[in-house]
Amino acid sequence: MSEESITAQQPIGSGFGHYSNAREVIEGIDLHGKTAIVTGGYSGLGLETVRALSSAVARVTVPARRPEHAREVLAAAGLGTADVTVEALDLADQEAVKDFAKRFVAANPTLDILINNAAIMASPEQRVGPGWESQFATNHLGHFTLVNTLWPALAAAGSARVVALSSTGHKLSPIRFDDINFDAGYDKWKAYGQAKTANALFAVQLDRLGKSAGVRAFAVHPGGIMTELQRHLPREEMVAAGWMDAEGNVREGFKTPEQGAATSTWAATSPALEGKGGVYCEDCDIAKPTDPESPLARYQGVDAHAIDPEAAARLWEVSAEMTGVNAFA
């Protein structure tokens, strides 16, 4: 691959920023006739992402582990329309992922936007499938199989975008190739960190593999947001981490769900990203590499291990071996 074809991991001056919201970044963009999928699109920033895409007249499918609950939430949010539909999907169940994706491809010749938004965070130790650690299995392997099985529809779109939600959690751990499933001992935060690194590396390799078919991929850090994602964390732990005070007041700098949805919406739709891909984004722009000397190094920028092309290629092969799925084999 030539150096010219690789998108630089540097901001492009998007004109948006930390407090921009999804409504602002999609203003003036017409998605009429476009199809989109948003996993986890019925809570938190996923719901606001669906709202933004729907406002631009995209047809949006929301895969959900609890479809009836998702329909109720979307209807209550004013999104229970014919252009926002719900389908059954459990990302922790590989067969359920394949079943959903095959049904979607059979019913939709093209898929223009796929936002891998759903995730679990810092959950108690749980094994799924053939003994896989649940955060890696749900956040990464579920989406890996989803994208590879949806590949015919993505490729047929001609200019599709895939957005993988990562986070600054990626700074907590690289991929533990020698013990991906934490068989030697579980650490909920390192497991989350590995899963978020996997999401970022997935975008790097998918972009490399998919760009010849017009499919570009981006990793996104949405920002700090209080949503259902924190459901496994006691308040005491969030206070100790500095996310909120003892009374439950969230610290300054956290985003609203609508602001949290902005960067994934921007990555999925912005004309400024035409011809670009394989990069990690934050605050509605391409992020800078982490400055290790900065006092904000834990919260800003992307660490080298999360955008390393060799690690990305290796993770893809490991993931294909684990799932038995690879659209590029």
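This report concerns the structure included in the present document.

This paragraph deals with unusual backbone geometry. A positive phi angle, close to 70°, is found at V57, a residue other than glycine. Looking at the secondary structure, you find V57 in the loop between α2 (44-55) and β2 (59-64). A relative accessible area of 38% places V57 in the partly exposed class. If you check the backbone angles, C284 has positive phi at about 60° while not being a glycine. Mapping C284 onto the fold places it in the loop between β9 (279-282) and β10 (285-286).

Direction vectors running N to C along helix α6 (residues 188-210) and helix α10 (residues 309-323) enclose 90°, while the axes themselves pass 8 Å from each other. On the basis of their axis angle, the class for α6 and α10 is roughly perpendicular. When α6 is examined against α10, the residues A198, L201, F202, V204, Q205, L206 and L209 are found in contact with a partner set consisting of P309, A311, A312, A313, L315 and W316. By residue class, the composition of the contact of α6 with α10 is 12 nonpolar, 1 polar and no charged.

A few words on the sheet that holds strand β7 (residues 161-165). Spatially, 8 strands are ordered β3-β2-β1-β4-β7-β8-β9-β10 in an open sheet, and the strand pairing comes out mixed. Only two strands of the sheet have a single partner each, and these edge strands are β3 (84-88) and β10. When β2 meets β3, the two strands line up parallel, connected through 5 bridges. Counted as the bridge partner of A64 is A88 from β3. Packing of helix α3 (residues 67-76) onto the sheet brings it into contact with β2 and β3, and relative to β3 it is tilted by some 165°. Strands β1 (35-38), β2 and β3 of the sheet are contacted by helix α4 (residues 94-107), whose axis makes an angle of about 140° with β3.

Now for α4. Its 14 residues place the ends of α4 20 Å apart at the C-alpha level, agreeing with the 20 Å of an ideal helix rising 1.5 Å per residue. For α4, the full list of buried residues reads Q94, V97, K98, F100, A101 and F104. Across the axial projection of α4, the buried residues extend over an arc of 165°, all falling on one side. Counted as exposed and oriented over 90 degrees from the buried face of α4: E95, K102, A106 and A107. Where α4 is buried, its residues touch β1, β2, β3, β6 (132-133), α5 (134-157) and α10.

Residues V279 and C281 of β9 are buried on one face, and the alternating residues Y280 and E282, pointing to the opposite face, are buried as well. As defined by bridge partners, strand β8 (residues 216-221) adjoins β9 across 4 bridges and the pair is classed as parallel. The residue bridging A219 from the neighbouring strand is Y280, located in β9. Sheet topology note: the β9/β10 ladder contains 2 bridges and is antiparallel. Bridging across to β10, E282 finds its partner in D285. Hairpin connection, β9 to β10: the antiparallel pair is bridged by 2 residues, and D283 has positive phi, about 50°.

For the structure shown, the criterion picks out 14 salt bridges. Each member of the salt-bridge network shares a partner with another, and the members are E87, D99 and R103.

Quick look at the side chain of Q9 now. Within the element layout of this structure, Q9 appears in the segment before α1 (22-26). Within the structure, the side chain of Q9 is placed 2.8 Å from the backbone oxygen of Y280, a separation counted as a polar contact. A distance of 2.8 Å separates a polar side-chain atom of Q9 from the backbone oxygen of A287. Residues within four places of Q9 in sequence aside, it is in contact with V279, Y280, I286, A287, K288, P289, V302 and I307.

Turning to the environment of I286, a few remarks are in order. Of note, I286 is situated in strand β10. Not counting residues within four places of it along the chain, the set of residues in contact with I286 comprises T7, A8, Q9, Q10, P11, I12, W266, L273, K276, V279, Y280 and C281.

In this section: the packing of α5 against α10. Following both chains from N to C, one finds α5 and α10 inclined at 85°, their axes separated by 10 Å at the closest point. On the basis of the axis angle, α5 is roughly perpendicular to α10. Residue-level contacts link F136, H140, L141, F144, T145 and N148 of α5 to L315, W316, S319, A320, M322 and T323 of α10. Split by residue class, the contact of α5 with α10 holds 7 nonpolar, 5 polar and no charged.

Structurally, A70 can be placed in helix α3. Judged by relative accessible area, which is 0%, A70 ranks as buried. Taking the C-alpha atoms as reference points, A70 and G41, separated by 29 residues in sequence, lie 8.2 Å from one another. Setting aside chain neighbours within four positions, we find A70 in contact with Y42, A64 and V86.

Parameters and conventions
- Residues numbered from 1 in each chain as written.
- Predicted model: local features only at pLDDT ≥ 70, side-chain atom pairs only at ≥ 80, totals over all residues.
- Heavy atoms only, no water.
- Helix = DSSP H or I, 4+ residues; strand = E, 2+ residues; numbered from the N terminus.
- Buried < 20%, exposed > 50% of the residue type's maximum accessible area, 1.4 Å probe, protein only.
- Axes fitted to C-alpha atoms, helices over the stretch in contact; angles between N-to-C directions.
- Parallel < 35°, antiparallel > 145°, perpendicular 65-115°, else oblique.
- Contact = heavy atoms within 4.5 Å.
- Nonpolar A, V, L, I, M, F, W, Y, C, P; charged D, E, K, R; others polar.
- Pairing = 2+ DSSP bridges.
- Expected span 1.5 Å × (residues − 1).
- Arc of directions from axis to C-beta.
- Salt bridge = Lys/Arg side-chain N within 4 Å of Asp/Glu carboxyl O.
- Polar contact = N/O pair within 3.5 Å; in protein donor to acceptor, adjacent residues only side chain to side chain.

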